[in-house]
Amino acid sequence: MGTWEGLVTGLNFALQPGVLIFCLLGVLLGTFVGVLPGIGAMAAISLLLPITYYISAEAALIMLAGVYYGAQYGGAVASILMRLPGTPQSAVTALDGYPMARDGRAGAALFAAMVSSFAGSIIGIVVLVLLAGWLSRVAVAFGAADYAAMMVLGLVAASTIGSARPAKGFAMIVLGMLLGCIGTDVNSGAMRFTFGQTELLDGVNLVALAMGLFGVAEVIGNVRDPERQAVTEKIGFRQMAPTRDDLRRMVFPSLRGSGLGSFFGALPGTGSTLSSFLSYAMERRIARRPERFGHGAIEGVAGPEAANNSAAITAFVPTLTLGIPGDPIMALMLGALVIHGVQPGPMMLEARPEMFWGLVASFGIGNLLLLILNLPLIGVWVALLRIPFRWLYPAILIFICLGVYSVRGLTYDIVAVAGIGLAGYLLALARFNPALLLLGFVLGPLIETNLRRALLISRGDPMVFLERPISAAFVVAIAGLLLLSLVQWVRRRRRAIPAR
Amino acid sequence: MTTHIPRRAAFGCVLAFAAAPAFAQDAWPTGPLHVYVGFPAGSSPDTLARIITEPLAERLGQPVVIENRPGAGGVIGIQQMLANAGDDDLTFGTTINGPVTTAARMMGDTGFDVAADIAPVTLIATSPLVLAVSSQSGLEDLEGFVAAAGAEEEAIAYGSVGQGSGAHLTAELFADEAGVTMLHIPFTSYAEVTTSIMGGEIDAGFMAPSAAMPHVEGGNMRILGITSSEPSAQAPDVPVIAGQAGFAEDFRAELWNGFIAPSGTDAAVVERLTTEITEILADPGVQEQLLAIGWQAAPGTAQEMQERITADTQMWGGVIDRIEAQ
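Position numbers for residues count from 1 along each chain, tracking the sequence in the order it is written. Naming scheme: in the order in which they are written, chains are lettered from A and ligands are numbered from 1. In keeping with the model being predicted, local features are shown solely for residues with a pLDDT of at least 70 and side-chain atom pairs are shown and tallied solely at 80 or more, while totals for entire chains, interfaces and linings include all residues.

K.L.:
I'd like to hear about the overall build of chain B, residue by residue, with values.
P.N.:
When its secondary structure is counted, chain B shows 13 helices and eleven strands. For the radius of gyration, the atoms used are the C-alpha atoms, and the globule rule reads 2.2 Å times the number of residues raised to 0.38. Here chain B has a C-alpha radius of gyration of 20 Å; the compact-globule value for 326 residues is 20 Å, and the two agree. With respect to the three principal axes, the spread of C-alpha positions in chain B is 65 × 40 × 35 Å. Split into buried and exposed, the 326 residues of chain B put 58% on the buried side. Helix and strand labels come from DSSP, where a helix needs a run of H or I of at least four residues and a strand needs a run of E of at least two; each type is numbered from the N terminus. The exposure label follows from counting other C-beta atoms within 10 Å of a residue's C-beta, where the C-beta atoms are placed from the backbone and the thresholds are 20 or more for buried and 12 or fewer for exposed, leaving partly exposed in between.

K.L.:
Run through the overall build of chain A, naming residues and quoting values.
P.N.:
For chain A, the helix and strand inventory stands at 22 helices and two strands. Relative to the compact-globule value of 23 Å for 500 residues, chain A shows a C-alpha radius of gyration of 22 Å, a close match. With the C-alpha coordinates of chain A rotated into their principal frame, the extents come out at 70 × 65 × 50 Å. Taking all 500 residues of chain A together, 58% fall into the buried category.

K.L.:
Provide a residue-level description of the confidence of the model for chain B, including the pertinent values.
P.N.:
Residue and element names in this part refer to chain B. Scored by pLDDT, chain B comes out at a mean of 88, with 92% of its residues at no less than 70. Confidence per residue, as judged by the predictor, is encoded in pLDDT with a range of 0 to 100. Residues are scored as being in contact if the C-beta atoms we place from backbone atoms lie within 7 Å. Every residue in residues 1-25 is under pLDDT 50, and counting partners more than four places away or in other chains gives 57 contacts. For this predicted complex, the interface score ipTM comes out at 0.85, alongside a pTM of 0.85.

K.L.:
Give a detailed account of the sheet that holds strand 5 (residues 130-134) of chain B, specifying residues and quantitative values.
P.N.:
Residues and elements named next belong to chain B. The strand order 7-6-8-5-9 describes an open sheet built from five strands, whose pairing is mixed. Sheet topology places strand 7 (183-186) and strand 9 (221-226) at the edges, where each strand pairs with a single neighbour. Taking the axes of each pair of neighbouring strands and ignoring which way they run, one obtains an average angle of 30° across the sheet. By the bridge criterion, four bridges tie strand 6 (residues 157-160) to strand 7 in an arrangement that is parallel. Note that in strand 7 the partner of Tyr 158 across the bridge is His 184. Every axis corresponds to a line fitted to the C-alpha atoms, with the helix fit spanning only the stretch in contact, and the corresponding angles, defined between N-to-C directions, vary from 0 to 180 degrees. Along the sheet, helix 9 (residues 190-198) makes contact with strand 5, strand 6, strand 8 (204-207) and strand 9, crossing strand 8 at roughly 150°. When DSSP locates at least two bridges between a pair of strands, those strands are taken to pair.

K.L.:
Hey, could you go over the interface of chain B and chain A for me, with residue numbers and the actual values?
P.N.:
Interface size is often expressed as the accessible area that is lost when the parts come together. Counting from both sides, the interface comprises 48 residues of chain B and, opposite them, 45 residues of chain A. Breaking the side of chain B that touches chain A down by element, the ones donating at least two residues are helix 1 (4-15), helix 2 (44-60), helix 3 (75-84), helix 5 (103-107), strand 7, helix 9 and helix 10 (209-217) of chain B. Sort the elements by how many residues they give to the side of chain B that touches chain A and helix 1 of chain B lands first, with five residues. Just so you know the grouping, Ala, Val, Leu, Ile, Met, Phe, Trp, Tyr, Cys and Pro go in nonpolar, Asp, Glu, Lys and Arg go in charged, and all remaining residues, Gly too, go in polar. Broken down by class, the residue content of the side of chain B that touches chain A amounts to 24 nonpolar, 20 polar and four charged.

K.L.:
Now, about the sheet that holds strand 2 (residues 64-68) of chain B: what can you tell me, with residues and values included?
P.N.:
Residue and element names in this part refer to chain B. Taking strand neighbours across the sheet as the criterion, the six strands line up as 2-1-3-10-4-11 in an open arrangement whose pairing is mixed. Across the chains shown, the open sheet's two edge strands, defined by having one partner strand only, are strand 2 and strand 11 (296-297). The sheet strands contacting helix 13 (residues 302-325) are strand 4 (118-128) and strand 10 (254-262), and the helix crosses strand 4 at an angle near 70°.

K.L.:
Tell me about helix 3 (residues 41-52) of chain A, residues and numbers included.
P.N.:
Structural remark: α-helix, 3.6 residues per turn; residues separated by three or four positions point the same way. All names here are of chain A. Spanning twelve residues, helix 3 covers 15 Å between terminal C-alpha atoms, matching the ideal 16 Å at 1.5 Å per step. Burial runs high along helix 3: ten of the twelve residues are buried. Every buried residue belonging to helix 3 is among Ala 41, Met 42, Ala 43, Ala 44, Ile 45, Ser 46, Leu 47, Leu 48, Leu 49 and Thr 52, and all of these are buried. For a helix, the expected span equals 1.5 Å multiplied by the number of residues minus one.

K.L.:
Lay out the packing of helix 11 (residues 244-265) of chain A against helix 12 (residues 271-286) of chain A in plain terms, naming residues and giving numbers.
P.N.:
Residues and elements named next belong to chain A. Contact geometry of helix 11 with helix 12 gives a least axis separation of 9 Å together with a crossing angle of 150°. When the axis of helix 11 is compared with that of helix 12, the two are roughly antiparallel. The hand of the helix 11/helix 12 crossing is right-handed. Judged by residue contacts, Pro 253, Arg 256, Gly 257, Leu 260, Gly 261, Phe 264 and Gly 265 of helix 11 engage Gly 271, Ser 272, Leu 274, Ser 275, Leu 278, Ser 279, Met 282 and Glu 283 from helix 12. Of the residues belonging to the contact of helix 11 with helix 12, the class tally is six nonpolar, seven polar and two charged. In what follows, roughly perpendicular refers to angles from 65 to 115 degrees, roughly parallel to angles under 35, roughly antiparallel to angles over 145, and oblique to any angle outside these ranges. Working rule for handedness: look at the near helix, and if it is turned counterclockwise from the far one by less than a right angle, call the crossing left-handed; if clockwise, right-handed.

K.L.:
Which residues make up the pairing of strand 1 (residues 33-37) of chain B, and what are the values?
P.N.:
All names here are of chain B. Most of strand 1 sits inside the fold, with five of its five residues counted as buried. Side chains Leu 33, Val 35 and Val 37 project from strand 1 onto one buried face, and the interleaved His 34 and Tyr 36 project onto a second face that is buried too. Pairing of strand 1 with strand 2, which is carried by five bridges, proceeds in the parallel orientation. What sits directly across from Leu 33, in strand 2, is Val 64.

K.L.:
An account of the nonpolar core is needed here, citing residue identities and associated values.
P.N.:
One finds Ile45(A), Leu64(A), Ile80(A) and Met207(B) to be the most contacted residues of the largest nonpolar core, which totals 218 residues. Here the element with the most residues in this core is helix 6 (residues 106-141) of chain A; it accounts for 19 residues. Looking at this core, you find at least three residues from each of domain 1 (10-127 + 255-325) and domain 2 (130-226) of chain B. Apart from the residues lying within four places of it in its own chain, the contact partners of Met207(B) are Leu129(B), Val130(B), Ala132(B), Ala167(B), Tyr190(B), Val193(B) and Ala212(B). We define a nonpolar core as a collection of buried residues of the types Ala, Val, Leu, Ile, Met, Phe, Trp, Tyr and Cys that are connected via C-beta atoms lying within 7 Å of each other. In this entry, domain limits derive from an automatic or database-based domain assignment.

K.L.:
Explain the packing of helix 2 (residues 17-35) of chain A against helix 4 (residues 57-82) of chain A to me, and be specific about the residues and the numbers.
P.N.:
All names here are of chain A. Here helix 2 crosses helix 4 at 30°, and the two axes come no closer than 6 Å. Accordingly, the angle class assigned to the pair helix 2 and helix 4 is roughly parallel. When the axes of helix 2 and helix 4 are compared, the crossing they make is right-handed. Counted by class, the contact of helix 2 with helix 4 contains 21 nonpolar, ten polar and no charged residues.

K.L.:
Tell me about the domain arrangement of chain B, residues and numbers included.
P.N.:
Residue and element names in this part refer to chain B. Entries for chain B in the domain assignment read domain 1 (10-127 + 255-325) and domain 2 (130-226). Spacing between the C-alpha centres of domain 1 and domain 2 amounts to 30 Å. With eleven residues of domain 1 at the contact, the number on the domain 2 side is nine residues. The dominant element in the side of domain 1 that touches domain 2, judged by the number of residues it contributes, is helix 13, at four residues. Grouping the constituent residues of the side of domain 1 that touches domain 2 by class yields six nonpolar, four polar and one charged.

K.L.:
So what's going on with the environment of Phe263(A)? Residues and values would help.
P.N.:
Considering the arrangement of structural elements, one finds Phe263(A) in helix 11. Sequence-wise, Phe263(A) and Val127(A) are 136 residues apart; in three dimensions their C-alpha atoms are separated by 8.7 Å.

This is the structure we're talking about:
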């Protein structure tokens, strides 16, 4: 089936009322769980599983996929309004989205997030349609050495994010990586730093860490100021809408973010997180005035949001072309198909072309629905900020508890989020950036696992990182980036000396 | 993973089947049953539990609520079952073999003692593993594979879904029986193992048939043998390893899934459940549903499950001893 013919077939399929309604249901629920931080796509998908038993396999996949990418839209809301990210990629959005909201520009920040999310998704869909075959070959060609080198590049590139002092950023990344060591060691099965607690065997709960460092810490930080409101006056459409300057600043970051997201999304693992951080780091590096970042730069919202949404679309590449799920959520979605007698695998799409094209068409329809759904909601969200903090914060804490509990159903994690929140408050007092801690926490264990796996496979020969072309390219990029930073540092010192 | 939201959804779903209280004259069950599953909603062990508990709810005239408590390879599910058990005999669990056979060896302390704390109800199903290689490789059959693996130490690198996982222990048992040593590369999911085999990074892997078969049909993988004693209905053309390439006739390594109760549970309740689940598993429709997700129905008595736990604990314990001695 040709691309054009396929798209027409897909649209015909996805626009049937009996299918469209499940697409709508999926994106609605996706938005909903995205807005409630911590309650991720995984919880929503398990909620929808019983429904999937009664509808066709195609409609089920379209609905579950709607939750998956719909959650990416909603995730921005709580991060921008209340600095309450449930995922590391939303934490990136909070870096500049939340300062914008505190300046009374929450409307513009949300608008930027929604529109770049939409742009990112559309670009992701185009990439998926045109390059799926190529991307899937890249994904299979990526070995452990390549992943390790790529993630080190990600860490190096992102380490300059949001901190005036590089040493402080570095410290946060290292702390994150150390926290990432907690749990069962994949290679030896040894338990590291678990102190006999089985709850820690799979590591620290990521949702608890994100919400503790950001949400709980923010609540503690504002306790001194109970009467404060983020927005005191009624907000009209004018204050809500982005300015012409905002729009101009959004265009290129969105496009660059979409490019990063489309590529990294197709690689199983951490495409979404990595591309959000890389997009942010890139925008900051090429900005004419990088010091604006962290204080409400709209580029810092637009780029990463475009990146994580296009990544959420191209994340379907390995699933759709190879029948291999790229992440645990995708595996659950495929598991739902088995009940219908559809065996996930490379033959699934040859046997059922309407599944591939129907799903692709539903991505377009679903994202349009999300945009239509979310733009009018901006006014509602912004109005929330008129509630005084003393009323808002108890509610936020309850939502944090719900979100954290929803991951595993263990009260242990609620206690953990409280402790992490306190630590997060201390870090905030000392002006450390918790986003980098999250990045280190997510990438650290993956770097370790892939590094050790690569060395195991090469029977201990470190040259594997230079012999594999993909890995070698990343190593060169890392060296280049470090050299660039060194040159910039030397130049700054030279300039500084005569001034003394 | 679950919240009370999906729990409520499952509740509503099961209620529909629980309209007729067929056993209202009996005192038990006095309320909804809670079945703890140590894996997330939508995973294979979770789907298995749902396939069994749907007709169970109908038969008992009470809803059965699935409580997903994923973590530590299924150990957290059992811990939570034990922690939440009341004296009303309404709390149960399903578990794969790992948490009740090898977990104590691997983890040191699981927080429970299998012999003292857990009452087996019945086995539900078993799943063999298949030995998969890339279709690009020169490994054509089991004889050739063993010969290649024996050419030098660690000539073959294989992937598993983790240190101490069923796939890892099965591969080590296989290597020991064949008199070879292979290089173990731990991954975390069959998806990763599949990608790595297809990318040519590793040579082989012991995998669930349901994870490997689609890639055989797609032309990317080849399967050299299966660890069950009989050919599996899922992969009827795959030869059993037993009796081939120098393997003993009784070579068998299977994962299984069983229904368990806290050990204080009334013996009559356990017996009732054994009977009901055995009857449910006799239904060809249920067997077919299980087969679709990779499980072969294998009901039996509580005593038989107890024997299986003891035998497997001993067999895998021996394999772990040899791994640790290396």
